[in-house]
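# A structural walkthrough
The chain contents come next:
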Amino acid sequence: IFHGRPASTPRDTFYGFPDDRLQKYDTSIATATLTHQILSDLSMPNTLRYGDYERRYRIHLFSAVTDTGETSTIARNQQLRLSNQHNLYNQPDFTWTSSILDRAHTLLFGTEFGREEFDFYSKNSTGVTPISIFHPILTPTVGAGRGNDFSGALTTYNDVQAETQAFYMQSQFDLMPYLKTLAGFRWDRFGVDASNYAIGEARRRTPEATFAVAGAGN
């Protein structure tokens, strides 16, 4: 925002580093389902799912404007970021089929247990110079001060663990071939333990050293 409104620049004006656009995603999900027929009218499917998500990227942050008319500049910074998330959920269900007054009835009930772990790291590059708002001159990369790994002091380190437990029940009754009633309820309990560590504070976990990125174009 310049003088209370968007600056008069072309919509495709770019203020970052054209050879330094890092954005990588790694996702792994595994699901297993086992069904046990307890009785002829009672079955128990159980679903177990594990997910592992990693996102690595760099972003640009813009702050104060130095207003000198046509030569105005805007301060900027570059952050290296990494987020990891691990999810584990188990869901056992019970399905019971019967008849009431010669009408089909299906009762579904079950539980769900889950745990999620999430951590987030960010680190500023150093030596990121301001850039002209109206006549930006682009350089390929930040240079020697670019954040390539998470050694040393971080800008942000968050660590979160969440757990959930649930119980649910659902009843379906067939009144006639094209008319059914459906009723149910679900109870959930959700708890979170979150830590936001101060700059320079010792960290419980450190990202793998293999995350270090060297060279432009990553």
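Residues numbered from 1 in each chain as written. Predicted model: local features only at pLDDT ≥ 70, side-chain atom pairs only at ≥ 80, totals over all residues. Heavy atoms only, no water.

## So, the overall build of the protein chain
- Of regular secondary structure, the protein chain possesses zero helices and seven strands.
- Listed by position from the N terminus, the elements making up the protein chain come as β-β-β-β-β-β-β.
- Projected onto its principal axes, the C-alpha coordinates of the protein chain cover approximately 85 × 40 × 30 Å.
- Relative to its full complement of 218 residues, the protein chain shows a buried share of 28%.
- Long-range contacts, defined here as pairs at least 24 residues apart, represent 73% of the contacts in the protein chain between residues at least 6 apart.
- Total accessible area computed for the protein chain in this model is approximately 13,700 Å², and 56% of it derives from carbon and sulfur atoms.
- Averaging the locations of the 20 positively and 23 negatively charged side chains of the protein chain gives two centres separated by 5 Å. (Helix = DSSP H or I, 4+ residues; strand = E, 2+ residues; numbered from the N terminus. Buried < 20%, exposed > 50% of the residue type's maximum accessible area, 1.4 Å probe, protein only. Contact = heavy atoms within 4.5 Å. Areas by Shrake-Rupley, 256 points an atom, 1.4 Å probe, with all protein chains shown as cover. Lys, Arg positive; Asp, Glu negative; His and termini not counted. Charge placed at Lys NZ, Arg CZ, Asp CG, Glu CD.)

## Description of the pairing of strand β7 (residues 179-196)
- Note: strand β6 (residues 156-176) against β7, 18 bridges, orientation antiparallel. Among the inter-strand pairings, Thr164 is bridged to a residue of β7, identified as Phe190.
- Taking the residues between adjacent antiparallel strands as the criterion, β6 and β7 are bridged by two residues. (Pairing = 2+ DSSP bridges.)

## Overview of the pairing of strand β4 (residues 103-124)
- Two strands pair when backbone bridges link them, and strand β3 (residues 73-100) and β4 are joined in this way by 20 bridges, in the antiparallel orientation. Residue pairing across strands places Asn90 opposite Phe113, the latter belonging to β4.
- What sits between the antiparallel neighbours β3 and β4 is a turn of two residues, in which Leu101 has the positive phi angle 55°.
- Examined bridge by bridge, β4 and β6 share 18 bridges and lie antiparallel to one another. Each bridged residue has a counterpart across the sheet, and for Glu117 the counterpart in β6 is Gln161.

## A short note on the pattern of salt bridges
- Within this structure, the stated rule accounts for 10 salt bridges.
- Arg115 is the salt-bridge partner of Glu163, the closest N and O atoms lying 2.7 Å from each other. Residue Glu163 is found in strand β6, and its partner Arg115 is found in strand β4; the two are separated by 48 residues along the sequence.
- In this structure Glu163 comes out as partly exposed when scored by relative accessible area, which is 36%.
- As a salt-bridge pair, Asp188 and Arg186 come within 2.8 Å of each other at their nearest N and O atoms.
- Among the residues examined, Asp188 registers a relative accessible area of 41% and is labelled partly exposed. (Salt bridge = Lys/Arg side-chain N within 4 Å of Asp/Glu carboxyl O.)

## Some remarks on the nonpolar core
- The biggest cluster of nonpolar side chains holds eight residues, and these are Leu22, Leu80, Leu82, Tyr121, Phe150, Leu154, Tyr157 and Tyr197.
- Core analysis: the next-biggest nonpolar cluster, separate from the first, contains five residues, Phe2, Tyr15, Ile74 and Ile131 among them. (Core = buried A, V, L, I, M, F, W, Y, C linked by side-chain atoms within 4.5 Å.)

## Digging into the packing of aromatic side chains
- Per the counting criterion, the structure on display carries six aromatic pairs.
- Seen from their ring centres, Phe94 and Phe109 are 5.2 Å apart, and the 15° between their planes marks the pair as stacked. One end of the pair, Phe94, is in strand β3; the other, Phe109, is in strand β4, with 15 residues separating them in the sequence.
- One aromatic cluster is present, built from ring pairs that chain together Tyr121, Phe150 and Tyr157.
- Note that Arg21 overlies the ring of Phe14, its terminal NZ or CZ placed 4.6 Å from the centroid.
- For the cation-ring pair, Arg55 lies above Tyr57, with the distance from its terminal atom to the ring centre recorded as 3.9 Å. (Phe/Tyr/Trp six-rings, centres within 6.5 Å; stacked < 30°, edge-to-face > 60°. Lys NZ or Arg CZ within 6 Å of the ring centre and 35° of its normal.)

## Remarks on unusual backbone geometry
- At Leu101, a position not held by glycine, the phi torsion is positive, near 55°.
- Structurally, Leu101 can be placed in the loop between β3 and β4.
- The phi torsion at Asp102 lies on the positive side, around 65°, for a residue other than glycine.
- Examined against the element boundaries, Asp102 turns out to sit in the loop between β3 and β4.
- Here Asp102 falls in the exposed class, since its relative accessible area comes to 76%.

None of the figures reported here should be taken as evidence of function without further support.
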